[in-house]
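Analysis of the macromolecular model
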Amino acid sequence: MLDTLSLGRRPGTMRTVTRTFSAPARIGLDLIAIPEGAQVDLDLTLQSVSEGVLVSGEVNAPLEGECVRCLEPFEDLLTLSLTELFAYPDSTTEQTTEEDEIPRVVDDHIDLEPVIIDAVGLALPLQPLCSPDCLGLCSECGVRLAIAGSDHRHETMDPRWAGLAAKFGSGSASTEPETRAEDARLDPTAEEK
């Protein structure tokens, strides 16, 4: 809650507010959020306008999340621009809008918590990444591709040929004569080579 009594109601009157508070609860989405107890920094300007108090400025807070590609936890910093009008009681804005459409000045106080919660929820990505170039996990074994290296591969065999491979072996030595015979059949000059 911020007190607006010292601001007055004369349009154009301004006041700057710098505050730091601990997040009372986790603020954000399932995979990324401001953790409970994290320090949230506010650097705001309160300006009296004819219809209410215009609040603008920045919100800075640490983030904790889980990457949707590699499933690893990561940390980041959120910097959020905030601009919100809090309507005065009995103003035209207050009378022409629904109660949940625009926040209100109540007893010369404004409650920033719901505004910050909404703004943070809209600013956070639905699919957070630990880095923009995260490679994710191997679809075969689940190892993180970032630590597996570029030569990480798995031998895949068509299951329809698995029985023959088990019976005759899959080594290159056992198929070499057959390959030469097949090449000779397709290219008559192959025997001469």
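Everything numeric here is computed off the predicted structure, so don't read it as measured data.

1. Section: the side chain of R104
Residue position: R104 is located in the loop between helix 1 (92–96) and strand 8 (109–110). Filtering out sequence-adjacent residues up to four positions away, R104 remains in contact with F86, A87, T93, E94, T97, E98, E99, H109 and I110.

2. Side note on the pairing of strand 5 (residues 39–49)
On strand 5, burial follows the alternation: V40, L42, L44, L46 and S48 on one face are buried, whereas Q39, D41, D43, T45, Q47 and V49 on the facing-out side are not. In this sheet, strand 5 lies alongside strand 2 (residues 14–22) in antiparallel orientation, the contact comprising nine bridges. The residue bridging R15 from the neighbouring strand is L46, located in strand 5. Here strand 5 runs beside strand 6 (residues 52–66); their pairing, made up of nine bridges, is antiparallel. Pairing of L44 across the sheet is with G57, part of strand 6. Taking the residues that link successive antiparallel strands as the turn, the strand 5-strand 6 hairpin has two residues.

3. Section: unusual backbone geometry
With phi around 65°, L71 is a residue other than glycine that occupies positive phi space. If you check the backbone angles, D108 has positive phi at about 60° while not being a glycine. By the secondary structure assignment, D108 is in the loop between helix 1 and strand 8.

4. Digging into the environment of L7
Among the structural elements, L7 can be located in the loop between strand 1 (2–3) and strand 2. The class for L7 is buried, based on a relative accessible area of 3%. Separated by 40 residues in the primary sequence, L7 and Q47 have C-alpha atoms spaced 7.7 Å apart. Each residue touching L7, except ones within four places of it in the same chain, is listed here: T13, M14, R15, L46, Q47, S48 and V53.

5. Observations regarding the side chain of S48
Among the structural elements, S48 can be located in strand 5. When residues no more than four places from it in sequence are discounted, the contact partners of S48 are L7, G8, R9, R10, P11, G12, T13 and Y88.

6. So, the nonpolar core
Core analysis: the largest hydrophobic core is formed by 34 residues, its most contacted members being I34, L44, L46, V55, L112 and V120. Elements represented by at least two residues in this core include exactly strand 4 (32–34), strand 5, strand 6, strand 7 (73–87) and helix 2 (113–123). Here L44 is in contact with L2, R15, T16, V17, V55, S56, G57, E58, L82 and L112, once residues within four sequence places are set aside.

7. Description of the confidence of the model for the protein chain
Confidence in the prediction for the protein chain averages 80 pLDDT; 82% of positions are at 70 or higher. Below a pLDDT of 50 lies the segment residues 171–182, which in the model reaches two contacts outside its immediate sequence neighbourhood of four places, other chains included.

8. Regarding helix 2
V115, I116, A119 and V120 are the residues of helix 2 that are buried. For helix 2, the buried positions fall inside an angular range of 125° around the axis, keeping them on one side. Among the exposed residues of helix 2, those oriented more than 90 degrees off its buried face are D118 and L122. Looking at the packing, one finds that the buried side of helix 2 touches strand 2, strand 3 (27–28), strand 4, strand 5 and strand 7.

9. Structural notes on a negative patch on the surface
Taken together, the side chains of E98, E99, D100 and E101 make up a negatively charged region of the molecular surface. When its relative accessible area of 53% is taken as the criterion, E98 is described as exposed.

So, how was this worked out
- Residues numbered from 1 in each chain as written.
- Predicted model: local features only at pLDDT ≥ 70, side-chain atom pairs only at ≥ 80, totals over all residues.
- Heavy atoms only, no water.
- Helix = DSSP H or I, 4+ residues; strand = E, 2+ residues; numbered from the N terminus.
- Contact = heavy atoms within 4.5 Å.
- Buried < 20%, exposed > 50% of the residue type's maximum accessible area, 1.4 Å probe, protein only.
- Pairing = 2+ DSSP bridges.
- Core = buried A, V, L, I, M, F, W, Y, C linked by side-chain atoms within 4.5 Å.
- pLDDT = per-residue confidence, 0-100.
- Arc of directions from axis to C-beta.
- Patch = residues over 30% accessible without salt bridge, like charges linked within 9 Å, V, L, I, M, F, W, Y side chains within 5 Å.
- Areas by Shrake-Rupley, 256 points an atom, 1.4 Å probe, with all protein chains shown as cover.
- Salt bridge = Lys/Arg side-chain N within 4 Å of Asp/Glu carboxyl O.
- Lys, Arg positive; Asp, Glu negative; His and termini not counted.
- Charge placed at Lys NZ, Arg CZ, Asp CG, Glu CD.

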